[in-house]
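Structure assessment
Listed below, chain by chain, are the residues.
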Amino acid sequence: MTRLIVAAGGGGDAVGAALLHSALYGDDDPAVILTYAWDRLLIDPLPGPRSPDDFTGLEPLTRTTNGVPATARPLPTAGSTLPRLAAHLPHRLALIDPRHGVRGITDQLDDLVAHLRPTSVDLLDIGGDILARGDEPTLKSPLADALTLAACAQLDTEVRLLIAGPGLDGELPYDAELRDLLGPRVHTFTACDVEPISAVLEWHPSEATGMLAATARGVRGICEIRDAGLPVPLTDDSPVVHEADLDQVLHRNELARAVVSTGTLPEAEALSRRVCGFSEIDYERTKAHRLGQRQPGPLDPVSTLHHLARFEADARARGVTHTTFRRLTEALNLSGTERKPLRRLLADSYPQRYRSATPLWSLTPAQPHYRIRTP
């Protein structure tokens, strides 16, 4: 018995898919999780999603789809968390290839369904931006969701659309945009649900999945995320999984309807510019160029903790109670290679705060343990 889960947004949603599968279906029969290799610039310095040509060691799964084993590696200078996820998750990861637009992804899904004969097919989005029209001013990354939504809508097999952690991606506010669009509750995650993936959350950079896990553990407050410092409420509604009507969501999502017949990623990207007024890959290109001008050096612990204290004071004044390590890395003007040393430095300096809200960073004031070590 095999279940197929399509992770709408990439590696973070793939972790969420593992969490979902364990909670809804148990762990006896591993799933196939179809996901993008799209880890953003803190992990992957190249803009946009990776294709099979960016990896070595992939394993053919069907004529159109490759599996990503733990032994696969991204080619320099690309980056990807998928091989490491494959080593930690009990499921088989399969790579979405976006080079051929929605037509290509639809072919992948058709082949997987014919090959696997899955018991169920779920499309999972963490945060809920897949429900967007396309003109919302808070929308930041609609393209990946639109491609997977449009492809899943063309399958002859029934696909269940599931939204976990509504509002946690910071793109559509829960009360203002999402509440009335969500269907029945399917599950509410608990600390017990999260425990099997706790080791993954120690290193995986996904903010939405991290907040989903934190709220399942009881964390509440306001979490600041991304380079823009978006404030995300952490509430009793945050660790909930809802079903949504796929056909209704497709009718609402103008970008998904626009890209439904696309045969290339550039074609889909051009439609995103037309429908939404921007392309998230253009944003990544601009940011990658800016980051490429910097030459990161060794992390300076004393300077970093000094800047951290100023950031935290300002954030608390904004009503923020938590933040992510991605946000801290950006706010402290550090590079992606310094994210891991930063996390280790903070864990050593403030162990109580680190443990209390993993995988988030608590802004509760506390005196540091002054046993700073150089990363």
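Scroll up a little and you will see the structure.
This section reports on the structure supplied with the text. (Residues numbered from 1 in each chain as written. Predicted model: local features only at pLDDT ≥ 70, side-chain atom pairs only at ≥ 80, totals over all residues. Heavy atoms only, no water.)

**Here we look at the overall build of the protein chain**
So the rule is basically this: Starting at the N terminus, helices and strands are each numbered in turn, a helix being any DSSP run of H or I of at least four residues and a strand any DSSP run of E of at least two. Exposure classes here rest on a 1.4 Å probe applied to the protein chains alone. A residue is buried below 20% of its type maximum, exposed above 50%, and partly exposed in between. Whether two residues are in contact is decided by their heavy atoms, any of which lying within 4.5 Å being enough. Per-residue accessibility takes into account occlusion by the displayed protein chains alone, with areas from the Shrake-Rupley method and a 1.4 Å probe.
In terms of helices and strands, the protein chain carries 16 helices and 15 strands. Along the first, second and third principal axes, the C-alpha atoms of the protein chain reach 60 × 45 × 45 Å. Looking at the protein chain as a whole, 58% of its 375 residues are labelled buried. If you take every contact in the protein chain between residues at least 6 apart in sequence, the share linking residues at least 24 apart comes to 75%. Of the roughly 15,400 Å² of accessible surface on the protein chain, a fraction of 50% belongs to carbon and sulfur atoms.

**Side note on unusual backbone geometry**
A cis amide bond, omega 5 degrees, links Pro 76 with the succeeding residue Thr 77. Following the sequence through the fold, Thr 77 ends up in the loop between β6 (73-74) and α2 (82-88). With a phi angle near 50 degrees, Arg 117 is a residue other than glycine that sits in the positive phi range. With respect to the element layout, Arg 117 can be found in the loop between α3 (101-116) and β8 (120-126). Phi is positive for Arg 226, which is not a glycine, with a value near 60 degrees. In this fold, Arg 226 is placed in the loop between β11 (221-225) and β12 (230-234).

**Side note on the pairing of strand β1 (residues 3-7)**
Let me state the cut-off plainly: Pairing between strands is defined by DSSP: at least two bridges between the two strands are required. The path from the first strand over the helix to the second decides the hand: if it runs clockwise while the strands point away from the viewer, the crossover is right-handed.
Taking burial as the measure, the five residues of β1 include five buried ones, the bulk of the element. Burial along β1 is two-sided: the residues Arg 3, Ile 5 and Ala 7 and Leu 4 and Val 6 are all buried. Across three bridges, β1 lies against strand β2 (residues 32-35) in parallel orientation. Counted as the bridge partner of Ile 5 is Ile 33 from β2. This β-α-β element, β1 to helix α1 (residues 11-25) to β2, shows right-handed connectivity.

**Observations concerning the packing of aromatic side chains**
For clarity, the cut-off: Ring pairs are drawn from Phe, Tyr and Trp, using the six-membered ring of Trp, whenever the two centres fall within 6.5 Å, and their geometry is named by plane angle: stacked under 30 degrees, edge-to-face over 60, tilted for the rest. Either the NZ atom of lysine or the CZ atom of arginine qualifies as a charge over a ring when it sits within 6 Å of the ring centre and within 35 degrees of the ring normal.
Enumeration over the complete set of coordinates arrives at three aromatic pairs. On the numbers, 5.7 Å between centres and 75 degrees between planes, the contact of Tyr 350 with Trp 361 is edge-to-face. Here Tyr 350, found in the loop between α15 (339-349) and α16 (351-356), pairs with Trp 361, found in strand β15 (residues 361-362); they are 11 residues apart in sequence, far enough to count as distant. On the accessibility criterion, Tyr 350 (10% relative accessible area) is buried. Looking at Trp 361, the relative accessible area reads 0%, which means it is buried. In this structure an aromatic cluster arises from ring pairing among Phe 325, Tyr 350 and Trp 361. Sitting over the ring of Tyr 25, Arg 3 keeps its end group 3.8 Å from the ring centre. Positioned above the aromatic ring of Trp 203, the side-chain terminus of Arg 84 is 4.1 Å from the ring centre.

**Section: α15**
Most of α15 is tucked away: nine of the 11 residues are buried. The set of residues buried in α15 consists of Arg 339, Pro 341, Leu 342, Arg 343, Leu 345, Leu 346, Ala 347, Asp 348 and Ser 349.

**Examining the nonpolar core**
Just so we agree on the cut-off: Among buried residues, those of type Ala, Val, Leu, Ile, Met, Phe, Trp, Tyr and Cys that are joined through side-chain atoms within 4.5 Å constitute a nonpolar core.
Grouped together as the largest cluster of nonpolar side chains are 51 residues, with contacts concentrated most on Leu 4, Leu 109, Leu 123, Leu 147 and Val 259. Take this core: its biggest share by element is eight residues, from helix α4 (residues 143-152). One finds Leu 19, Leu 82, Leu 201 and Ala 216 within the second-largest nonpolar core, a separate group that totals 46 residues.

**Comments concerning the sheet that holds β12**
If you walk across this open sheet you meet the four strands as β12-β11-β14-β15, and the pairing is mixed. Across the chains shown, the open sheet's two edge strands, defined by having one partner strand only, are β12 and β15. Looking at chain direction, β11 and β12 are connected through five bridges and run antiparallel. By the bridge assignment, Cys 223 is partnered in β12 with Val 232.

**Some points on helix α12 (residues 280-292)**
What counts here: One less than the number of residues in a helix, times 1.5 Å, gives the span that helix is expected to have. Under the rule applied, a polar contact is a pair of N or O atoms within 3.5 Å (in protein, one hydrogen donor and one hydrogen acceptor; residues adjacent in sequence only if both atoms are side-chain atoms).
For α12, with 13 residues, the first-to-last C-alpha span of 18 Å sits near the 18 Å given by 1.5 Å per residue. Where α12 is buried, its residues meet α4, α11 (265-276) and α14 (325-331). One side-chain oxygen at the N-terminal end of α12 lies 3.1 Å from the backbone nitrogen of Ile 281; it belongs to Ser 279.

**Concerning the pattern of salt bridges**
Note the following rule: Basic side-chain nitrogens of Lys or Arg form a salt bridge, by our definition, when they fall within 4 Å of a carboxyl oxygen of Asp or Glu.
Inspection of the entire model under this criterion finds 27 salt bridges. Asp 44 serves as the salt-bridge partner of Arg 50, at 2.5 Å between the closest nitrogen and oxygen. Owing to a relative accessible area of 7%, Arg 50 belongs among the buried residues under this scheme. Residue Arg 92 pairs with Glu 59 through a salt bridge whose shortest N-O separation is 3.7 Å. On the criterion of sequence distance, the pair formed by Arg 92 in strand β7 (residues 92-95) and Glu 59 in strand β4 (residues 59-60) is long-range, its members being 33 residues apart. Connected via shared salt-bridge partners are Arg 133, Asp 135, Glu 136, Glu 177 and Arg 252.

**Description of the packing of helix α13 (residues 301-317) against α15**
Basically, it comes down to this: Throughout, an axis means a line fitted to C-alpha atoms (over the contacting stretch in the case of helices), and angles, computed between N-to-C directions, take values from 0 to 180 degrees. In these notes the angle categories are as follows: under 35 degrees is roughly parallel, over 145 is roughly antiparallel, 65 to 115 is roughly perpendicular, and the rest is oblique. Think of it as three bins: nonpolar holds Ala, Val, Leu, Ile, Met, Phe, Trp, Tyr, Cys and Pro, charged holds Asp, Glu, Lys and Arg, and polar takes everything else, Gly as well.
Close contact between α13 and α15 brings their axes to 11 Å; oriented N to C, the two are set at 75 degrees. The angle between α13 and α15 falls in the class roughly perpendicular. Contact with α13, carried on its side by Pro 301, Thr 304, Leu 305 and Leu 308, involves Leu 342, Leu 345, Leu 346 and Ser 349 of α15 and no other residues of that element. Looking at the contact of α13 with α15, its residues break down into six nonpolar, two polar and no charged.

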